[in-house]
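# Fold and geometry: a report
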Amino acid sequence: MKKINKYWLFGTIAAGILFISFGYAKFIKPTTEKTTQDCNEVQMVSSESKFEPTIVNKKAAPSKAPKGMVWIPGGEFSMGSNVADESLCSIKGVTKDAAPIHRVYVDGYWMDETEVTNEQFEQFVKATGYITVAEQKPTKEEFPTANEEDLITGSVVFTPTPTSVNLNNFLQWWSYVGGTDWRHPQGPESTIKGKEKYPVVQIAYEDATAYAKWAGKRLPSEAEWEFAARGGKTGELYAWGNTLKPKGKFQANIYQGHFPIKDGDTGEDGFKGIAPTAQFAPNAYGLYDMAGNVWEWVNDWYSVDYYKSLSENGNVAKNPQGPTASNDPSEPGQLKKVHRGGSFLCTDQYCTRYMVGTRGKGEVRSAANHLGFRCVKSI
């Protein structure tokens, strides 16, 4: 595998994805000097923002469900998170972009039961000849200071470290690898053969929207995604309840063990790395993998203060579509969309974004081997 380590390329193409996957840019200058072995996260819940009851629409599904989709009735609910601490050895305020909790209403819609799989995406590519962002060679116009030999197709791959590391620099465990794409998600020697039911990854935002359009669907709004993930319940931490391991069993494919070292994931949940879709019980709406496995693109622009603006409006936000522009002070030059759900790399030692109310963010032309999507369909 050819790894491109020049920061200009890695930073421009990949940094937007990595900040969301593991939190804020302040991680580069941490307030602690600990490895994951030293951290043991205990979630602290703020009393400043409270959940009010979810009011689910009574309207039944308007027709037979499209293949592979389930009916989400919509309704009014409290959106966001009141968790004050989130990973990184109790650094305060990491989830501030998911606060305050605010009231939202969404209409009913259909949603994919699972994340889009490799075989589904392959059908799209065969039908259209579509070429993903990762398969497109970067240009001098995009990177005017780059050397020509560094302008190669590729994407970002999680690269475990040989030993324990300080968690102050994500570049230690991510690499831009030439020849990486959805067919070769972990580098040019990797393959998806035999992994037809796994979620497709190495997908940029425009790749996801292109598939959705072809399929007669669209990406969900962030509000639609969270309403569906909550399954009609009120204010629970996870898509399955308030306990991470009910009866001692994991309910999602996340990371257990010593992050981010080689072979550090113990696979206590049954999987080391990415898993096929639908390996855990669905939520109350019949949706699989609304936490863990792979991050999912949604259609909203990311803005750090969007929830604050909705809350200050004082009204129930009806079918919100997100802010009109991207706004991430940590990287003001990046155009970012929201990610949801966390991935197989999320851990209670470093990233607990599998909590249902928390958010992620990613630069629109960035992809990685833990990022995919699912679609919705309006009635």
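Residues numbered from 1 in each chain as written. Predicted model: local features only at pLDDT ≥ 70, side-chain atom pairs only at ≥ 80, totals over all residues. Heavy atoms only, no water.

## Describing the packing of helix H2 (residues 118-128) against helix H3 (residues 205-214)
The N-to-C vectors of H2 and H3 enclose an angle of 80 degrees; their axes lie 10 Å apart at closest approach. Considered as vectors, H2 and H3 are oriented roughly perpendicular to each other. Contact residues: Gln120, Phe121, Gln123, Phe124, Ala127 and Thr128 in H2; Asp207, Ala210, Tyr211 and Trp214 in H3. Grouping the amino acids of the contact of H2 with H3 by side-chain chemistry returns six nonpolar, three polar and one charged. (Axes fitted to C-alpha atoms, helices over the stretch in contact; angles between N-to-C directions. Helix = DSSP H or I, 4+ residues; strand = E, 2+ residues; numbered from the N terminus. Parallel < 35°, antiparallel > 145°, perpendicular 65-115°, else oblique. Contact = heavy atoms within 4.5 Å. Nonpolar A, V, L, I, M, F, W, Y, C, P; charged D, E, K, R; others polar.)

## A look at the sheet that holds strand S11 (residues 336-340)
One open sheet accounts for four strands, arranged S12-S11-S9-S13; its pairing is mixed. The open sheet has two edge strands, strand S12 (360-363) and strand S13 (371-372), and neither has a second partner. (Pairing = 2+ DSSP bridges.)

## Some points on the pairing of S12
Working note: regular strand, side chains alternate between the two faces of the sheet. Alternating positions in S12 separate into two faces, Gly360 and Gly362 on one and Lys361 and Glu363 on the other, with burial throughout. Note that S11 and S12 share four bridges and pair antiparallel. In the sheet register, His339 faces S12, and the bridge partner there is Gly360. (Buried < 20%, exposed > 50% of the residue type's maximum accessible area, 1.4 Å probe, protein only.)

## Describing the packing of aromatic side chains
One pair of aromatic rings is described through two measures. These are the centre distance and the angle between the planes. Scanning the model with the defined rule gives 20 aromatic pairs in all. Relative to Phe124, the ring of Phe121 lies with its centre 5.3 Å away and its plane at 65 degrees, an arrangement referred to as edge-to-face. Taken together, the residues span about one helical turn, with Phe121 and Phe124 both in helix H2 at a distance of three residues. Measuring from centroid to centroid gives 6.5 Å for Tyr306 and Tyr307, while their planes differ by 55 degrees, and the two rings are tilted. Among the residues examined, Tyr306 registers a relative accessible area of 11% and is labelled buried. (Phe/Tyr/Trp six-rings, centres within 6.5 Å; stacked < 30°, edge-to-face > 60°.)

## Let's talk about the environment of Gly194
As for its position among the elements, Gly194 is in the loop between strand S8 (174-178) and H3. Measuring from C-alpha to C-alpha, the distance between Gly194 and Asn118 comes to 9.9 Å, with 76 residues separating the pair along the chain.

## Remarks on the confidence of the model for the chain
On average, residues of the chain score 87 in pLDDT, and 84% of them reach the 70 mark or higher. With pLDDT under 50 throughout, residues 10-42 is counted as low confidence; its partners more than four residues away or in other chains account for 112 contacts. (pLDDT = per-residue confidence, 0-100.)

## Quick notes on the nonpolar core
The biggest cluster of nonpolar side chains holds 31 residues, and the ones touching the most others in it are Phe121, Ile203, Trp297 and Phe373. Within the residue set of this core, elements represented by two or more residues are H2, H3 and strand S9 (295-301). With four residues, H3 is the largest single contributor of residues to this core. Apart from residues no more than four positions distant in its own chain, Phe121 is found in contact with Val116, Thr132, Trp182, Val200, Ile203, Asp207, Tyr211 and Phe373. (Core = buried A, V, L, I, M, F, W, Y, C linked by side-chain atoms within 4.5 Å.)

## Some remarks on H2
An α-helix turns once per 3.6 residues; consequently, residues spaced three or four apart project the same way. Listed as buried for H2 are Asn118, Phe121, Phe124 and Val125. Seen end-on, H2 carries its buried residues on one side only, within an arc spanning 125 degrees. Seen from the open side of H2, the exposed residues pointing more than 90 degrees away from its buried face are Lys126 and Ala127. Structurally, H2 contributes buried residues whose contacts are with H3. Immediately downstream of H2, the backbone of Gly129 shows phi near 75 degrees, a positive value. (Arc of directions from axis to C-beta.)

## Details of H3
Within H3 the residues assigned to the buried category are Tyr205, Asp207, Ala208, Tyr211 and Ala212. Along the long axis of H3, the arc covered by the buried residues comes to 165 degrees, so they all point the same way. In this fold, the buried residues of H3 make contact with H2, S9 and S11. One or two residues past the end of H3 sits Gly216, with phi positive at roughly 75 degrees.

## Description of the sheet that holds strand S6 (residues 109-112)
Read from one edge to the other, the open sheet built from three strands follows the order S3-S6-S14, with strand pairing classed as antiparallel. If you trace the sheet from one side to the other, it starts and ends with strand S3 (69-72) and strand S14 (376-378), each paired once. Averaged over all pairs of adjacent strands, the angle between their axes in this sheet comes to 30 degrees, without regard to strand direction. Bridging between S6 and S14 involves three bridges; their strand directions are antiparallel. The residue of S14 that forms the bridge with Trp110 is Lys377. Packed onto the sheet, helix H4 (residues 222-230) meets S3, S6 and S14 and runs at close to 75 degrees relative to S6.

## As for the environment of Trp295
Among the structural elements, Trp295 can be located in strand S9. Here Trp295 falls in the buried class, since its relative accessible area comes to 1%. Put simply, Trp295 and Val201 are 94 residues apart on the chain and 9.1 Å apart in space, counted from C-alpha to C-alpha.

## Brief notes about the pairing of S11
By the criterion of burial, S11 is predominantly enclosed, with five of the five residues buried. Two strands pair when backbone bridges link them, and S9 and S11 are joined in this way by three bridges, in the antiparallel orientation. Opposite Trp297, over in S11, you have His339 as the bridge partner.

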